[in-house]
Amino acid sequence: MRNLLIDQIREDGFAVIDDFLTPDEIQDLLKVGQNLHQDAPKEERKVFSANADGKSAQSREQYFIDSADKVRYFFEEGAVGENGELLVDPSISLNKVGHALHTEHPAFEEITFSNRVKEVCWQLGFRRPAVAQSMYIFKNPGIGGEVKSHQDATYLYTEPSTTIGFWIPLEDATLQNGCLHFIKSSHKSGVHRRWIRNPEKNGDELLIYDRPAPLYPQSNFVAVPVKAGSCVLIHSQVVHRSDANKSDRSRHAYTFHVIETEDCEYSKENWLQPSEDRPFPVLYERK
């Protein structure tokens, strides 16, 4: 299994592990996720946009930037009116919840720090892996927005490149409800741009892109539909995206990112930074 996983990620930039979660684990996490909206703020609702133009609301929000050790709630663009009022039912209003579910919520902590996650990291050669961030992504029917083509290294940059995403759908991810699409082997072309903390302290944007958005031919993408409970491993430099959910079925998913902390530097320019008293939690240390 080790060689298969490493070889596939090295060749394609991603790999799929079937049946990563048990049916009971899927249902337990799904139930937790379906109730997260009950704890969402009733005022000053923050909208999340996955657009790639750098003008998104989160680029100006301390609420977003200071979420490394907190659970923060982000609404869909079409769910909140001009005065902050909800335009849809609260149960389908959220885009995502993050970025410290893996430490602040027992159900997600149990999965993230499970032996099977540690085993995958071990097989991938991690020596001292740590979890940088985690998210629950809703992709609700009809309102779940498109995630534009991107590389995870744009946002979670390390030198050398070590970040691996664990993307676990809790419902079947299909062509209709917004499964992932990848450009195979695109991770071999380096990091195409980065989203960094604005060096201009007086600038309007707290976070900026260092280069314009690359253009990727849509014909280069391959769709990767997967069953609930699978785990898609994502190399930090592979280009991927997901379409808007135009179906009548949701596509809930739990995802987190693991970085190497031995002989590897996590960039201080990254938007997400650990707090001084709470470093990224380590999964294990290889002796």
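The name an unreviewed UniProt entry gives the chain is Fe2OG dioxygenase domain-containing protein, with Anopheles minimus as the organism. Listed under Cofactor (unreviewed entry) in UniProt, the entry text for the chain is "Fe cation". The record held by UniProt for the chain lists under Sequence similarities (unreviewed entry) the comment "Belongs to the PhyH family. PHYHD1 subfamily."

Let us look at a negative patch on the surface. On the surface, Asp24, Asp28, Glu109 and Glu110 cluster together into a patch of negative charge. Looking at the negative patch, the elements with two or more residues in it are helix H2 (23-34) and helix H5 (106-112). For aspartate 24, the location among the structural elements is in helix H2. Relative accessible area serves as the criterion here: at 59%, aspartate 24 is assigned to the exposed category.

All told, the structure shown has twelve salt bridges when counted by the stated rule. The shortest N-O distance in the salt bridge between glutamate 146 and lysine 148 comes to 3.8 Å. The partly exposed category is assigned to glutamate 146, whose relative accessible area is 40%.

A word on the nonpolar core. One finds Leu124, Phe166 and Leu233 to be the most contacted residues of the largest nonpolar core, which totals 58 residues. Apart from the residues within four sequence positions on either side, phenylalanine 166 is in contact with Val117, Val120, Cys121, Cys231, Val232, Leu233, Tyr254, Thr255, Phe256 and Val258. Core analysis: the second largest hydrophobic core is formed by twelve residues, Trp167, Leu180, Val226 and Val238 among them.

Taking strand neighbours across the sheet as the criterion, the four strands line up as S5-S13-S8-S11 in an open arrangement whose pairing is antiparallel. A single partner strand is all that each edge strand has here, and the edge strands are strand S5 (147-150) and strand S11 (222-224). Neighbour-to-neighbour, the strand axes of this sheet turn through a mean angle of 25 degrees, independent of strand direction. Judged from the two bridges that link them, S5 and strand S13 (residues 240-242) form a sheet pairing that is antiparallel. Each residue of the ladder has a partner; that of histidine 150, found in S13, is histidine 240.

Assignment of secondary structure puts histidine 181 in strand S8 (residues 180-182). Of the polar contacts made by the side chain of histidine 181, one reaches the backbone oxygen of cysteine 179; its length is 3.2 Å. If we skip the residues at most four places from it in the chain, histidine 181 touches Leu175, Phe221, Val222, Ala223, Val239, His240, Arg241 and Asp243.

Residues Val117, Val120, Cys121 and Gln123 constitute the buried set of helix H6 (residues 115-123). End-on, the buried residues of H6 take up no more than an arc of 165 degrees, which puts them together on one face. Two residues or fewer after H6 comes glycine 125, characterised by a positive phi angle close to 90 degrees.

Rules used in this analysis
- Residues numbered from 1 in each chain as written.
- Predicted model: local features only at pLDDT ≥ 70, side-chain atom pairs only at ≥ 80, totals over all residues.
- Heavy atoms only, no water.
- UniProt positions renumbered as here; feature names shortened; annotations may be inferred.
- Patch = residues over 30% accessible without salt bridge, like charges linked within 9 Å, V, L, I, M, F, W, Y side chains within 5 Å.
- Areas by Shrake-Rupley, 256 points an atom, 1.4 Å probe, with all protein chains shown as cover.
- Salt bridge = Lys/Arg side-chain N within 4 Å of Asp/Glu carboxyl O.
- Lys, Arg positive; Asp, Glu negative; His and termini not counted.
- Charge placed at Lys NZ, Arg CZ, Asp CG, Glu CD.
- Helix = DSSP H or I, 4+ residues; strand = E, 2+ residues; numbered from the N terminus.
- Buried < 20%, exposed > 50% of the residue type's maximum accessible area, 1.4 Å probe, protein only.
- Core = buried A, V, L, I, M, F, W, Y, C linked by side-chain atoms within 4.5 Å.
- Contact = heavy atoms within 4.5 Å.
- Pairing = 2+ DSSP bridges.
- Axes fitted to C-alpha atoms, helices over the stretch in contact; angles between N-to-C directions.
- Polar contact = N/O pair within 3.5 Å; in protein donor to acceptor, adjacent residues only side chain to side chain.
- Arc of directions from axis to C-beta.

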